[in-house]
There are 2 protein chains.
Amino acid sequence: MKIRIAIVGYGNLGRGVESAVSFCDDMELVAVFTRRDPQNVDTHTNVPVYHIDKAIEMKNDIDVMVLCGGSANDLPEQTPELAEHFNVIDSFDTHARIPEHFANVDAASRKGDKISLISAGWDPGLFSFNRMISQAILPNGNDYTFWGKGVSQGHSDAIRRIKGVVDARQYTIPIEEAVEQVRSGNNPELSTREKHKRVCYVVAEDGADLAAIEKEIVTMPNYFADYDTTVNFISMEELVANHNGIPHGGMVFRTGVTGFNGTNKHVIEYKIQLDSNPEFTSSVITAYARAIYRMYTDGARGCKTVFDVAPGLLHPASAEELRRNLL
Amino acid sequence: MKIRIAIVGYGNLGRGVESAVSFCDDMELVAVFTRRDPQNVDTHTNVPVYHIDKAIEMKNDIDVMVLCGGSANDLPEQTPELAEHFNVIDSFDTHARIPEHFANVDAASRKGDKISLISAGWDPGLFSFNRMISQAILPNGNDYTFWGKGVSQGHSDAIRRIKGVVDARQYTIPIEEAVEQVRSGNNPELSTREKHKRVCYVVAEDGADLAAIEKEIVTMPNYFADYDTTVNFISMEELVANHNGIPHGGMVFRTGVTGFNGTNKHVIEYKIQLDSNPEFTSSVITAYARAIYRMYTDGARGCKTVFDVAPGLLHPASAEELRRNLL
């Protein structure tokens, strides 16, 4: 009996889940739900598309509902709403609001006698539990996180709002000297400017004041002012040809010492390089969908996070096979 | 109420656990057990030392027994024997015999209504679950593991058994070109010789036939014949001055593709660099001792592995704090 998955929201993330599920022999995608007119949504695998209002009447046909909406506007309401009727998983990534979101989703899941998991993905997600495990192993030490090289949607949007800008991509890039200092175990103190730089590719309107646009970008508070920022003006053709992907990645380091005199240094590094941020995130979510369904059939209820999931539950193989082949 | 830890076996690993526990506010070391005469064992923290025969009469004073013996001769008998009376954890690392060891320890723990965890450490351990999680996330891909730079005790011992050799250290070193090929996502096929090289530092007897020793090393089946091996003859003084540490480390990679046409590549890398292999291993074991004691108080029984432990249980902070500060 395969785990019956449904997707809510058919954007980049939803399409990524559709693809990830297709490569999992123990899962099948049974429905996509959308707020749009279902007639206008063509799925890659021809899985049926329904309006989101039809979801609850299909509650007995779905084992885990994967919520692929945005953290700003969709998930804060959608996840608790659906958590009462379905086992649900989301990738809520507004770090500061996680405790509040957790409380809301937990209450709904418990009311409906269901399980849920919030904030699956890589950050929050894989990065979170690597930071956490490494802290537990090396209590005397420091954490460092670097993001990129990757496209930041928020920073790209901020540039697009500037007068005279047609389109833009912003890459967040770790500064290699800082990474090497951390990797060497030197425990450097690093300012914001020393850790990351920002590189922008901007398509401007004909006749726009390029110097003014550049100045507005590099001095923008919160987004760019604290970083060394490079602005490149390019044509729309070049943007489409060279900057149409959604790569991302990053590194989590823990550097610490052990021993009574604290002289033995250790460095733990977790690094990912992703051609497609949404497809990788979807793949993480899909593995966690498997895990929470197993926890549900084993009696677990309420809201979970990546911290609560035993890693063996993520893998399709049995516990016995995992011990024999992967331990 | 602190978690009361006891150590069985006071070698490098046992001393590492003593140190690791001293940095955990929620744990206290209450006893060291030894097969030697306890009078002759001086602990760093002056924790009481008892003969191993006294262990069972102290079963009510100990929450988790950390077994620090060797996988070849000690643990196969010691872990099941003590698992009937104590919650126990070991670092059993003979991969091929894990299923058998698991079965024996599981039966003993269940008989005594206790919990146990085998094969804690970094390989098996952290490397195992990184390989496993990454496979679960990227089912279309390849695994690569590199070990080192680090001292291999088994290979050093093999050299010491050669006629005319006084002492020796053998370093296993990943070949940087192979690592870079993997890191670039090229999915190379790598032979044993292409992945690691071996570098040996040998102290020979006065007048020994150095050419014969070198030939015996580099042609030794299983240990050296399949690798490019370099032999350096050095003085005992130099060995003690420059090769007295026990560094180790390594990397686990998963490289894979996502998407229906499989064009988006991803690389996950987990890398550790350790000044002291035994002190780091002890630190991992200590965190897992905390985790299994929490699982025990929550009702779990029988033998576990790193695959069965929810990561949040490793960290001293509460689930709520972890969600707020680390997710």
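First things first, this report covers the structure right here in the doc. These figures come from a predicted structure and were not determined experimentally. (Residues numbered from 1 in each chain as written. Chains lettered and ligands numbered in written order. Predicted model: local features only at pLDDT ≥ 70, side-chain atom pairs only at ≥ 80, totals over all residues. Heavy atoms only, no water.)

**Here we look at the pattern of salt bridges**
Residue and element names in this part refer to chain B.
In step 1: What the rule picks out here adds up to 30 salt bridges over all chains.
In step 2: Between Asp-26 and Arg-290 there is a salt bridge, and its shortest N-O distance comes to 2.7 Å. Of this pair, Asp-26 sits in the loop between helix H1 (12-22) and strand E2 (27-34) while Arg-290 is found in helix H10 (residues 277-297), placing the two residues 264 residues apart along the sequence.
In step 3: Where Arg-160 meets Asp-157, a salt bridge forms, and the shortest distance between an N and an O atom there is 2.4 Å. (Salt bridge = Lys/Arg side-chain N within 4 Å of Asp/Glu carboxyl O. Helix = DSSP H or I, 4+ residues; strand = E, 2+ residues; numbered from the N terminus.)

**Thoughts on the side chain of Asp-167 of chain A**
All names here are of chain A.
In step 1: When you line up the elements, Asp-167 lands in strand E9 (residues 165-174).
In step 2: Given a relative accessible area of 15%, Asp-167 falls into the buried group.
In step 3: Among the polar contacts made by the side chain of Asp-167, one reaches the side chain of Arg-169 at a distance of 3.4 Å.
In step 4: Contacts of Asp-167, omitting those with residues within four sequence positions, involve Arg-160, Tyr-201, Val-202, Val-203, Met-236 and Leu-239. (Buried < 20%, exposed > 50% of the residue type's maximum accessible area, 1.4 Å probe, protein only. Polar contact = N/O pair within 3.5 Å; in protein donor to acceptor, adjacent residues only side chain to side chain. Contact = heavy atoms within 4.5 Å.)

**Some points on the packing of helix H4 (residues 126-137) of chain A against helix H4 (residues 126-137) of chain B**
In step 1: Between H4 of chain A and H4 of chain B, the least distance of the axes is 14 Å, while the angle of their chain directions is 175°. In this view, H4 of chain A runs roughly antiparallel relative to H4 of chain B, as classed from their interaxial angle. In contact with Leu-126, Phe-129, Asn-130, Ile-133 and Ile-137 of chain A of H4 of chain A, H4 of chain B contributes Leu-126, Phe-129, Asn-130, Ile-133 and Ile-137 of chain B.
In step 2: Among the residues forming the contact of H4 of chain A with H4 of chain B, the class breakdown is 8 nonpolar, 2 polar and no charged. (Axes fitted to C-alpha atoms, helices over the stretch in contact; angles between N-to-C directions. Parallel < 35°, antiparallel > 145°, perpendicular 65-115°, else oblique. Nonpolar A, V, L, I, M, F, W, Y, C, P; charged D, E, K, R; others polar.)

**What about the layout of surface pockets?**
In step 1: There is about 1,300 Å³ of room inside the largest pocket.
In step 2: Residue lining of the largest pocket: 33 residues in total, with Asp-93, Asp-123, Gln-153, His-248 and Asn-277 of chain A positioned closest to the centre.
In step 3: When contributions to the lining of the largest pocket are tallied by element, the ones reaching two or more residues are helix H1 (12-22), helix H5 (153-160), strand E10 (196-204) and helix H10 (277-297) of chain A.
In step 4: Among the elements that make up the lining of the largest pocket, the one with the highest residue count is H5 of chain A (4 residues).
In step 5: By volume, the second largest pocket is sized at about 950 Å³.
In step 6: In terms of lining residues, the second largest pocket is bounded by 28 residues, among which Asp-93, Val-151, Gln-153, Asn-277 and Thr-281 of chain B are the most central.
In step 7: Among the elements of the structure, H1, helix H5 (153-160) and H10 of chain B are those that each provide at least two residues to the lining of the second largest pocket.
In step 8: Of the residues assigned to the lining of the second largest pocket, the class counts are 10 nonpolar, 15 polar and 3 charged. (1 Å grid on protein atoms, 1.4 Å probe; cavity = no way out; pocket = protein on both sides within 12 Å on 5 of 7 lines; lining within 4 Å. Points joined across faces, edges and corners; volume = space filled by probe spheres on them.)

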